[in-house]
Amino acid sequence: MKKSLILLAACLIGGAAFAQQTNPLLQHETEITEIIKTMTLEEKVNMLHGKNMFSSAGIERLGIADMEYADGPFGIREEMEPHSWMPLGWETDRATFFPTGSALAATWSPEIAYEYGKGMAIEAKLRGKDMILGPAMNIQRLPTGGRTYEYLSEDPILSGELAVGYTLGSQDQNEAVCLKHFAVNSQENMRGFVNVNISERALREIYLTPFEMAVKKANAMGVMAAYNKVWGTWCSENFTLQETILRNEWGFKGMIISDWGGTHSTVGAVTGGLEVEMPGNTYMGQALIDSVKTGAVPMNVIDARVRNILRVRLAITPVPKDVANTKVTSQPETQAIAYKVASKSIVLLKNEGVLPLASKAKTIAVIGDNATRTMGLGGVGAGVKTLYEVTPLEGLQKALKGKAKIRYARGYEPAPRAGWGQQLPENAMEEYAKRMATLKKEALKAVKGADLVIFVGGNNREVETEGSDRTSIQLPFQQEELMKAIAEVNPNIVAVMVAGAPVDLREVNKIAKGLVYSWFNGTEGGNALADVLTGKIAPSGKLPFTLPVKLDDSPAYALGVYPQQEQGGGDVFVNLVNRDRFAVRKADADYSEGIFVGYRWYTTKNVKPMYPFGYGLSYVDFKYTNLAAKVEGETIEVTFDLANQGQMEADEVTQVYIARPDSKVERPKYELKGFKRVAVKGGETTKVTISIPKDNLRHWNEFQHAWNVENGKAVIYVGGSSDNLPLQTEITL
Ligand code: BGC
């Protein structure tokens, strides 16, 4: 086992929340000092900005290779022309599409995240890349957030543990990661100019903690500065975030790169902590040379920036140009990882005796556009040109071959959308309505007389997209109407929601007898879905976010602080592509809910969600008994018995929430402090131990500007979801 995998296990089992391993970035300090001594100002500055769209320069004279970056986070992005977004159209760059962020998070498994990071790294190496632009790990603050599907969770500990796994998995393969987007890039609307007003406590406890964990526990080598501002200052020049917190407090030794088009000044950026302006050189090219020459930027600042890049450059062995891209990116080994993640991510929300599929179901109607839609590409940003992608329909056809007859009807299709700067033809919507009527008719015919209907709907990669948030969480393209009509003909419905973010399930939940969340689940998504639906494996994913009853229940909406009023402009990335990057204006986002993000809000304010954070059913029942908890040194040891009362082997994600009833500060009802995925054979009982570093109970003291762990009573709740915690005990700290 690799050293850091052992460390990961040790962190999880033995506590040590912020234990540090030897930092590989500090192994070449003397050599770097010597290199810097020989460099000219021009050579140094040449390293501090993009060379191509996805690379920055090394030092040719010294044989030090360029840094090659790869989007990330859920597959290695296809190759593009050096200075444009135009794909090169290669065949070797077909990559594995890994399940997107919220799917990975639904596994609740740092060990699976480790494999995920490893798989990404293996493919990045085949492509000659040094740094993966991922994991994307901003907190899922808004159910409508455009990149919720890319991000991990609404909870900092869950996000952090998974980011640690991903980072260790990748960096053990000698592939750097780039944690993104630092920090508080939790909305897409106006992301290029929004200023986040947030309390110090919420910033620290909720939004920064996952980054802190990945830096301290996994020595992440790269960080990407977010587009937005925090406390009035652009992230890419935010001295407080980048220098005071990231480097000085957390001990980050790697390099910070800007998001694409997210640099806004020369002196501000370079003195504020930024190493590399991406992708161009507007601010950190000639302007930076001039600033050094006039004395506005001291040479030691430049040297520090170069050192941070060289630390990463020398820690990561470059792939020779003639070796890279000689093999297809996606490989059986990495495809197997994608399957594993997908198969453990699927969340069963409701099951009135319809799942697993009964063998007597001989005719199955599969309905829905998402049954045949691939999800690797789409939206504005990172997509994956996959080698292959098994759709839900293909997965079911393969799994049910010779066992049941499948009738497929599309039922609905996505509404037509105008391309950038274009308008829809005049009669486009009328034509769409006609097509939709025909599709509905065909679907109603297909479901008639079928033993079961599997409705595969949800969102797609155009609905959930980088660059803009959704305006609602309503299921698009009249899916509810279609489902209602289907139910009148055949009420035996299993609904599969293919989505990366919350959708409004009020109607679906009424109509469907079985309900499954199956995510944008990657190359092997259809196979994993079929294996869960047919009962080859038990579902074991748990929600990494709260599914609200309605959008207005969620904190920022309930408080009326989102959406903010936009004052002109468009999306920063779209403007960058259109070479109109200044067409943006100022706006403020008030994070008025403070630390009450996600389930912290619902549980504390007694707002009942549709399905709570941490929720997910299995095909077996689990029984929790015999809880004990004790403090041992710096760790809280929680043990309990977990019995699988069913017939088949199944995984359960066990969760520990802790309340501090005598706290002197305002707190949520309880908070997730530890968790563990456990496999238990049918009929067996296993003892589970979850070690929680005392430090996980810290809170940010806004008066002292420091972390405190309060003494006193801690109530420990254990169970299988944030609203189903059958065991309870108390300890005193
Ligand atoms: C995204 C980043 C991405 C970069 C390069 C930006 O628009 O915010 O996450 O890595 O583009 O594609």
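Cut-offs applied
Residues numbered from 1 in each chain as written. Predicted model: local features only at pLDDT ≥ 70, side-chain atom pairs only at ≥ 80, totals over all residues. Heavy atoms only, no water. Axes fitted to C-alpha atoms, helices over the stretch in contact; angles between N-to-C directions. Helix = DSSP H or I, 4+ residues; strand = E, 2+ residues; numbered from the N terminus. Parallel < 35°, antiparallel > 145°, perpendicular 65-115°, else oblique. Left-handed = near helix turned anticlockwise from the far one by under 90°. Contact = heavy atoms within 4.5 Å. Salt bridge = Lys/Arg side-chain N within 4 Å of Asp/Glu carboxyl O. Buried < 20%, exposed > 50% of the residue type's maximum accessible area, 1.4 Å probe, protein only. Pairing = 2+ DSSP bridges. Domains from an automatic or database assignment. Buried area = accessible area lost by both parts, 1.4 Å probe. Polar contact = N/O pair within 3.5 Å; in protein donor to acceptor, adjacent residues only side chain to side chain. Nonpolar A, V, L, I, M, F, W, Y, C, P; charged D, E, K, R; others polar. Near = heavy atom within 4 Å. Areas by Shrake-Rupley, 256 points an atom, 1.4 Å probe, with all protein chains shown as cover. Bend = angle between axes of the 7 residues up to and from the residue. Core = buried A, V, L, I, M, F, W, Y, C linked by side-chain atoms within 4.5 Å.

Chemist: Would you mind going over the packing of helix α5 (residues 110-126) against helix α12 (residues 332-345) with me for this structure?
Modeler: What describes two packed helices is the angle between their axes and the distance between those same axes. Interhelical geometry of α5 versus α12 gives an angle of 150° and a closest axis separation of 9 Å. Here α12 runs roughly antiparallel to α5, going by the angle between their axes. By crossing handedness, the relation of α5 to α12 is classed as left-handed. Seen from α5, the contacting residues are I112, E115, Y116, K118, G119, I122 and E123; seen from α12, they are E333, T334, I337, K340, V341 and K344.

Chemist: Honestly, the pattern of salt bridges in this entry has me stumped. Any pointers?
Modeler: Side chains that differ in charge, positive against negative, can pair when their charged atoms come close. Scanning all chains against the criterion turns up 52 salt bridges. E507 is the salt-bridge partner of K510, the closest N and O atoms lying 3.3 Å from each other. Of this pair, K510 and E507 are both found in helix α16 (residues 506-511), three residues apart, which corresponds to roughly one turn of the helix. Looking at E507, the relative accessible area reads 22%, which means it is partly exposed. Salt bridges here are not isolated pairs; linked through shared partners, they connect R147, E150, E188, R191 and E466.

Chemist: Sorry if this is basic, but what is going on with the sheet that holds strand β10 (residues 255-258) here?
Modeler: Neighbouring strands of a sheet are bound in pairs by backbone hydrogen bonds; such pairs are parallel or else antiparallel. If you walk across this open sheet you meet the seven strands as β1-β2-β3-β4-β5-β7-β10, and the pairing is mixed. The open sheet has two edge strands, β1 (50-52) and β10, and neither has a second partner. In the sheet, strand β5 (residues 176-182) pairs with strand β7 (residues 222-225) via four bridges, with the strands oriented parallel. Each bridged residue has a counterpart across the sheet, and for C178 the counterpart in β7 is G222. Contacting β4 (131-132) and β5, helix α6 (residues 156-171) runs over the sheet at an angle of about 150° to β5.

Chemist: Mind showing me how you'd approach the domain arrangement of the protein here?
Modeler: As a measure of interface size, the accessible area lost when the parts come together is often cited. The domains assigned to the protein are domain 1 (36-86 + 128-137 + 154-315), domain 2 (346-533) and domain 3 (620-732). On a C-alpha basis, the centroid separation for the pair domain 1 and domain 2 is 38 Å. Each partner contributes residues to the interface: domain 1 has eleven residues there, and domain 2 has 13 residues. Taken together, both faces of the contact between domain 1 and domain 2 bury some 920 Å²; the carbon and sulfur share is 49%. Looking at the side of domain 1 facing domain 2, the largest losses of area belong to F74, E78 and E188, adding up to 47% of the total buried there. The interface formed by domain 1 and domain 2 includes two salt bridges. Residue E466 is joined to R191 by a salt bridge in which the shortest nitrogen-to-oxygen separation is 3.0 Å. Where domain 1 packs against domain 2, one counts four residue pairs in polar contact (both at pLDDT 80 or more). In the side of domain 1 that touches domain 2, the residues fall into two nonpolar, four polar and five charged.

Chemist: Sorry if this is basic, but what is going on with the site of the ligand here?
Modeler: The local shell around the ligand holds 14 residues, among which D71, R147, H181, D259 and E466 are the closest. Residue H181 places a side-chain N or O atom 2.8 Å away from an oxygen atom belonging to the ligand. Between the ligand and R191, the relevant distance is 3.2 Å, taken from an oxygen atom to a side-chain nitrogen or oxygen of the residue. When isolated, the ligand has an accessible area of 310 Å², and the protein chains bury 99% of it. When the residues that make up the shell around the ligand are grouped by side-chain class, the tally is six nonpolar, one polar and seven charged.

Chemist: Hey, could you run me through helix α7 (residues 200-218) in this one?
Modeler: Quick reminder: α-helices carry 3.6 residues per turn. Residues three or four places apart thus point the same way. Of all the bends in α7, the largest measures some 65° and sits at L208, one to four residues before the proline P210. Burial analysis of α7 places 19 of its 19 residues in the buried class, which makes it a mostly covered element. Following α7 by one or two positions, N219 adopts a phi angle in the positive range, close to 50°.

Chemist: Teacher, can you tell me more about the environment of L26 here?
Modeler: For L26, the location among the structural elements is in the loop between α1 (3-14) and α2 (29-38). Residues L26 and L314, spaced 288 residues apart in sequence, show a C-alpha to C-alpha distance of 9.8 Å. If we ignore the near neighbours within four places in the chain, the residues touching L26 are K253 and R311.

Chemist: Quick question: what am I supposed to make of unusual backbone geometry here?
Modeler: A negative phi angle is the norm for most residues apart from glycine, just as the trans form is the norm for most peptide bonds. The linkage connecting G72 with the following residue, P73, adopts the cis geometry, with an omega of 0°. Following the sequence through the fold, P73 ends up in the loop between β3 (67-70) and α4 (101-106). In this structure, the amide linkage connecting K180 to the following residue, H181, adopts the cis form with an omega of 5°. At Q478, a residue that is not glycine, the phi angle is positive and equals roughly 55°. Tracing the sequence through the fold places Q478 in the loop between β14 (452-458) and α15 (479-489). Residue Q478 is classed as partly exposed on the basis of its relative accessible area of 41%. The phi torsion at H705 lies on the positive side, around 50°, for a residue other than glycine. Position of H705 among the secondary structure elements: in the loop between β23 (699-701) and β24 (706-708).

Chemist: Which parts of the structure should I look at to understand the nonpolar core?
Modeler: Across soluble globular proteins, nonpolar side chains show a tendency to be buried alongside one another. Ranked by size, the top nonpolar core spans 178 residues in total, and within it Y69, I257, I454 and V638 carry the most contacts. A total of eight residues in this core trace back to one element, the largest contributor, which is α7. If we skip the residues at most four places from it in the chain, Y69 touches F54, S55, S56, K129, M131, L133, M255, I257, V276 and M278. Core analysis: the second largest hydrophobic core is formed by 40 residues, Y432, A446, V508 and Y615 among them.

Chemist: For this particular structure, what's the right way to read the pairing of β14?
Modeler: Put simply, side chains in a regular strand alternate between the two faces of the sheet. For β14, a buried count of seven out of seven residues is recorded, marking the element as mostly surrounded by other parts of the structure. The side-chain alternation of β14 yields two buried faces, one formed by L452, I454, V456 and G458 and the other by V453, F455 and G457. Pairing geometry for strand β12 (residues 363-367) and β14, over four bridges, is parallel. Each bridged residue has a counterpart across the sheet, and for V366 the counterpart in β14 is I454. In terms of strand pairing, β14 meets strand β15 (residues 493-498) through six bridges, oriented parallel. For V456, the partnering residue across the bridge sits in β15 and is V496.

Chemist: Would you mind going over the packing of α12 against helix α17 (residues 525-533) with me for this structure?
Modeler: Relative orientation of the contacting elements α12 and α17 amounts to 40°, with a least axis distance of 8 Å. With respect to each other, α12 and α17 are oriented oblique. The interaxial crossing formed by α12 with α17 has right-handed handedness. Note on element contacts: α17 touches α12 through G525, N527, A528, D531 and V532, opposite Y339, A342 and S343. Each residue belonging to the contact of α12 with α17 can be placed in one class, and the counts come to four nonpolar, three polar and one charged.

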